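As a plain string of letters, each chain reads:
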Amino acid sequence: MSQHLLTVDSLSRESVDHLLRVAARMEPIASRRQVTRVLEGAVLGNLFFEASTRTRVSFNAAFCRLGGSVCDTTGFTFSSMAKGESLYDTSRVMSGYCDAIVMRHPDQGSVAEFAAATNVPVINGGDGPGEHPSQALLDLYTIDKEFHRLGKSLSGAHILLTGDLKYGRTVHSLVKLLSLYDPLRITLASPPGLEMPSTLIDLVASRGHRIEQRESLANDFSDLDVVYATRIQKERFTDEMNESFQGLSDDFMVNRDFLDQRCNQSTIVMHPLPRDSRPGANDLNVDLNGDPRLAIFRQTDNGIPMRMAIFATLLQVDTLIEQQLRPARWFVPSQIGTLDR
Ligand code: NCD
């Protein structure tokens, strides 16, 4: 693995497999049965210049669960970028204070520019419509765990990516990550104008995967293993697009009917979240809440062990974890969510 985690392009199949293995070893800590202090004394800088709940908090929690401490800043208003400070200066300043930095920024390429000014590991927490590599890694970790539970293998699996495939950075990173594995069948379904960039489609096809594009979900998906739905990234639309786009049409509804009528009993449903619950948005339907095929909260939970694995690997303590384990002493409910199964 390289010094920073900026794009999935820097990951080999071996480095991804290593992260999956380290994440699995983090499970007892992530599920609060054991405690480690392997990053005691280390400080993370969490810089979020775009809205975030789970990415910011889970990076923060993952670093704390390894024994480190976190300093963070949210939004441009309270950072010196509001006074015109460059990415270069901010990067050099933060590197004097922190041992690792996570950054989310609205401009594609900005996190790489920030990372170019420092030798401290930088993780891209999302750069505009560019990439979101840690999300793709936790998504792959989720698919791997769910398939293991269901007795399935990734090889030859059928994966549907739907929603905003043009601006959705999570699917950009995920499709590249999946393309490192054995030939898959990947279906892309998006409204006109929100298709996956052709450079990504060509890359995946050139690696031997079967990739098909659809303009609705009105097909037979009876062999589908995973549906990965995404939110329409309205914040990235031009004014013209905002006026003409009224929300996802019924043709893209991922709900109980779609799963029952077009998919099968073991199709799992994923989404990077947040799901847009405003009327007319037609994002992933709440009528699947409590359905065991809905993997979205197992997916968010998996963000902790995977982000712990990323930190442990970048900061080179991944071999020390087992030596440091102690039992956790506080109360933890056996079921975290009331609808968990
Ligand atoms: C995604 C993001 O920020 O790209 N959220 C996340 O990090 N889990 C998806 C989104 O905002 O729609």
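Residues numbered from 1 in each chain as written. Predicted model: local features only at pLDDT ≥ 70, side-chain atom pairs only at ≥ 80, totals over all residues. Heavy atoms only, no water.

Moving on to the packing of helix H2 (residues 54-65) against helix H10 (residues 296-314). Interaxial distance between H2 and H10 falls to 8 Å at its minimum, and their mutual angle equals 55°. It follows from the interaxial angle that H2 and H10 lie oblique. Relative to H10, the crossing made by H2 is right-handed. In this structure, H2 contributes Arg54, Thr55, Ser58, Phe59, Ala61, Ala62, Phe63 and Arg65 to the contact, and H10 contributes Thr300, Ile304, Arg307, Met308 and Phe311. Tallied by class, the residues present in the contact of H2 with H10 amount to seven nonpolar, three polar and three charged. (Axes fitted to C-alpha atoms, helices over the stretch in contact; angles between N-to-C directions. Helix = DSSP H or I, 4+ residues; strand = E, 2+ residues; numbered from the N terminus. Parallel < 35°, antiparallel > 145°, perpendicular 65-115°, else oblique. Left-handed = near helix turned anticlockwise from the far one by under 90°. Contact = heavy atoms within 4.5 Å. Nonpolar A, V, L, I, M, F, W, Y, C, P; charged D, E, K, R; others polar.)

Moving on, we come to the sheet that holds strand S2 (residues 43-48). Sheets are built from strands that pair by backbone hydrogen bonding, the pairs being arranged parallel or antiparallel. Ordered by their spatial adjacency, four strands build an open sheet running S3-S2-S4-S5, and the pairing between neighbours is parallel. The open sheet terminates on both sides in strands that have one partner only, identified here as strand S3 (69-74) and strand S5 (122-127). If you compare each strand with its neighbour and ignore which way they point, the axes differ by 10° on average. In this structure, strand S4 (residues 100-105) lies alongside S5, joined through four bridges in parallel fashion. Looking at the pairing, valine 102 lines up with isoleucine 123 of S5. (Pairing = 2+ DSSP bridges.)

With that out of the way, let us pick up the UniProt feature "domain: Aspartate/ornithine carbamoyltransferase carbamoyl-P binding" (unreviewed entry) in the protein chain. As annotated in UniProt, the feature "domain: Aspartate/ornithine carbamoyltransferase carbamoyl-P binding" (unreviewed entry) corresponds to residues 3-144 in the numbering used here. Helix makes up 42% of residues 3-144 and strand 18%, whereas the separation of the span's terminal C-alpha atoms amounts to 25 Å. (UniProt positions renumbered as here; feature names shortened; annotations may be inferred.)

Proteins that are soluble and globular tend to have nonpolar side chains buried together. If you look at the biggest cluster of nonpolar residues, it comprises 64 residues, and the most contacted ones within it are Leu137, Leu154, Leu161, Met196, Met306 and Phe311. Those residues in contact with methionine 306 that lie beyond four places of it in its chain are Leu19, Leu20, Ala23, Ser134, Leu137, Leu138 and Tyr141. Ala189, Val254, Leu259 and Leu294 belong to the second-largest nonpolar core, a separate cluster that totals 24 residues. (Core = buried A, V, L, I, M, F, W, Y, C linked by side-chain atoms within 4.5 Å. Buried < 20%, exposed > 50% of the residue type's maximum accessible area, 1.4 Å probe, protein only.)

This paragraph deals with helix H5 (residues 133-150). Look at H5: 26 Å from first C-alpha to last across 18 residues, which is about the 26 Å you get at 1.5 Å a residue. For H5, a buried count of 13 out of 18 residues is recorded, marking the element as mostly surrounded by other parts of the structure. Residue glycine 151 follows H5 closely and has a positive phi angle near 70°. (Expected span 1.5 Å × (residues − 1).)

If you walk through the whole model with that rule in mind, you get 19 salt bridges. Arginine 293 is the salt-bridge partner of aspartate 260, the closest N and O atoms lying 2.8 Å from each other. In this pair, aspartate 260 sits in helix H9 (residues 256-262) while arginine 293 sits in the loop between strand S10 (268-270) and H10, placing the two residues 33 residues apart along the sequence. A relative accessible area of 6% means that arginine 293 is categorised as buried. Here arginine 293 ties to aspartate 291 by a salt bridge, and the two come within 2.9 Å at their closest N and O atoms. Classification of aspartate 291 by relative accessible area gives buried; the value is 7%. Via salt bridges that share partners, Arg185, Arg210, Glu212, Arg214 and Asp223 belong to a single interconnected network. (Salt bridge = Lys/Arg side-chain N within 4 Å of Asp/Glu carboxyl O.)

This next bit is on unusual backbone geometry. In this structure, the amide linkage connecting leucine 273 to the following residue, proline 274, adopts the cis form with an omega of 5°. Take proline 274: it is sitting in the loop between S10 and H10. Of note, leucine 273 is a non-glycine position whose phi angle comes to about 65°, a positive value. Mapped onto the elements, leucine 273 comes out in the loop between S10 and H10. Taking the relative accessible area as the measure of exposure, leucine 273 reaches 12% and is therefore buried. Even without being a glycine, glutamine 316 presents a positive backbone phi close to 60°.

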